Amino acid sequence: ETNLRHALERNELSLNYQAKLDLKTRAITGVEALLRWNSRYLGSITPTQFIPIAEETGLIVPIGRWVIKTACAQNVSWQQQGLPPVCMAVNLSLRQLMNENLLQDIETTLKETGMLPNLLELEVTESMVMHNPAHFIPILSKIKNIGVRLAIDDFGTGYSSLAQIKNFPIDTIKVDRSFIRNLPQDLENKAITEAIIVMGKNLSLTVVAEGVETKEQENFLKEQVCDEMQGFYFSKPVEPESFAELLRTHNDNFKNQFN
């Protein structure tokens, strides 16, 4: 906890970026910013170890503010390098969502970095918003009014009903990796994934499958007309320069195939 308090000022935090692939066009259309911490004294600490501590102590608020700002600035920098604009996804924690300065922080960041609001997508987990829908729907609606996109992460694990989901001002649902893991062999997960994709389509939402690790999983998702996939099969989370290279070479190769 003490080391984490100094992580920001010591420049120990960084972001890796994981591509999202459009399953229909095969183009990279989005990317998720993932927080990494390499402590001077403790070495590399995994997010599963330090995020709960940051959440518990409230440090997640200044850290989260830094993440949004860094991710937006990076996205603008890629565009200035001549790369195509992609939607940047950033995770929001419960503490951040409840922070009264959140809206102002988002607006300030967009203004300072010059990023278009529709290129930022904030992700909240399903269990987080189901905790108190009446409280969170107005907050999410205000974020949506800025023009920022909203996604529900880990979808399928939070026991929400279809009736509740349609009340949320969201653009995207991300199918939790636990359902993707044993596809297409696991019949139960197959049925759940199919149902989530159909539901997403009926609500005009973008459906993203997380944790895709095999060709079989990709083929199954394509058959089900899932919109996007994210996972080690296409790309692991990588440093900013590597993502820029991936975006450049992948989208160029993809264009050449169709010219």
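Predicted, not measured: the structure shown is a model, and the values here were computed from it.

## Some details on the side chain of serine 93
Thinking step 1. Position of serine 93 relative to the elements: it lies in the loop between β4 (87-91) and α4 (94-98).
Thinking step 2. The exposure class of serine 93 is buried, given its relative accessible area of 11%.
Thinking step 3. Beyond its immediate chain neighbours, meaning those up to four positions away, serine 93 contacts Glu55, Ile60 and Met128.

## Brief notes about helix α10 (residues 187-202)
Along an α-helix, residues three or four apart share an orientation, since each turn contains 3.6 residues.
Thinking step 1. Relative to the 22 Å expected for 16 residues at 1.5 Å per residue, α10 spans 22 Å between its end C-alpha atoms, a close match to the ideal helical length.
Thinking step 2. Of all the positions in α10, only Asn189, Thr193, Ile196, Ile197, Met199 and Gly200 are classed as buried. The buried side chains of α10 occupy one side of the element, clustering within an arc of 165 degrees when seen end-on. Pointing more than 90 degrees away from the buried face of α10 are the exposed residues Leu187, Glu188 and Asn202.
Thinking step 3. Taking the backbone nitrogen of glutamate 188 as reference, a side-chain oxygen 3.1 Å away marks aspartate 186 as the first, capping residue of α10.

## Considering empty space enclosed by the protein
Unfilled space is identified by rolling a water-sized probe across the atoms.
Thinking step 1. Counting across every chain of the model gives 1 cavity of 30 Å³ or more.
Thinking step 2. In this structure, the largest cavity spans a volume of roughly 60 Å³.
Thinking step 3. If you trace the largest cavity, you find it lined by Val61, Gly64, Arg65, Ile68, Gln96, Asn99, Leu102 and Asp105.
Thinking step 4. Put simply, the parts of the chain that give the lining of the largest cavity at least two residues each are α3 (60-80) and α5 (102-113).

## Quick look at the nonpolar core
Thinking step 1. Ranked by internal contacts, the top residues of the largest apolar core, which has 75 residues, are Leu97, Leu120, Leu122 and Ile143.
Thinking step 2. With 9 residues, the single largest contributor to this core is α3.
Thinking step 3. The contact partners of leucine 120, leaving out residues within four places of it in the chain, are Ile68, Cys72, Cys87, Met88, Val90, Ile106, Leu110, Met115, Val148 and Arg149.

## Some remarks on α5
Thinking step 1. With 12 residues, α5 should cover 16 Å at 1.5 Å per step; its first-to-last C-alpha distance of 16 Å lies within 8% of that length.
Thinking step 2. Every buried residue of α5 is accounted for by Leu102, Ile106, Thr109, Leu110 and Thr113. Buried residues in α5, looked at end-on, bunch into an arc of 95 degrees, giving them a common side. Among the exposed residues of α5, those pointing more than 90 degrees away from its buried face are Gln104, Lys111 and Glu112.

Conventions adopted
Residues numbered from 1 in each chain as written. Predicted model: local features only at pLDDT ≥ 70, side-chain atom pairs only at ≥ 80, totals over all residues. Heavy atoms only, no water. Helix = DSSP H or I, 4+ residues; strand = E, 2+ residues; numbered from the N terminus. Buried < 20%, exposed > 50% of the residue type's maximum accessible area, 1.4 Å probe, protein only. Contact = heavy atoms within 4.5 Å. Expected span 1.5 Å × (residues − 1). Arc of directions from axis to C-beta. Polar contact = N/O pair within 3.5 Å; in protein donor to acceptor, adjacent residues only side chain to side chain. 1 Å grid on protein atoms, 1.4 Å probe; cavity = no way out; pocket = protein on both sides within 12 Å on 5 of 7 lines; lining within 4 Å. Points joined across faces, edges and corners; volume = space filled by probe spheres on them. Core = buried A, V, L, I, M, F, W, Y, C linked by side-chain atoms within 4.5 Å.

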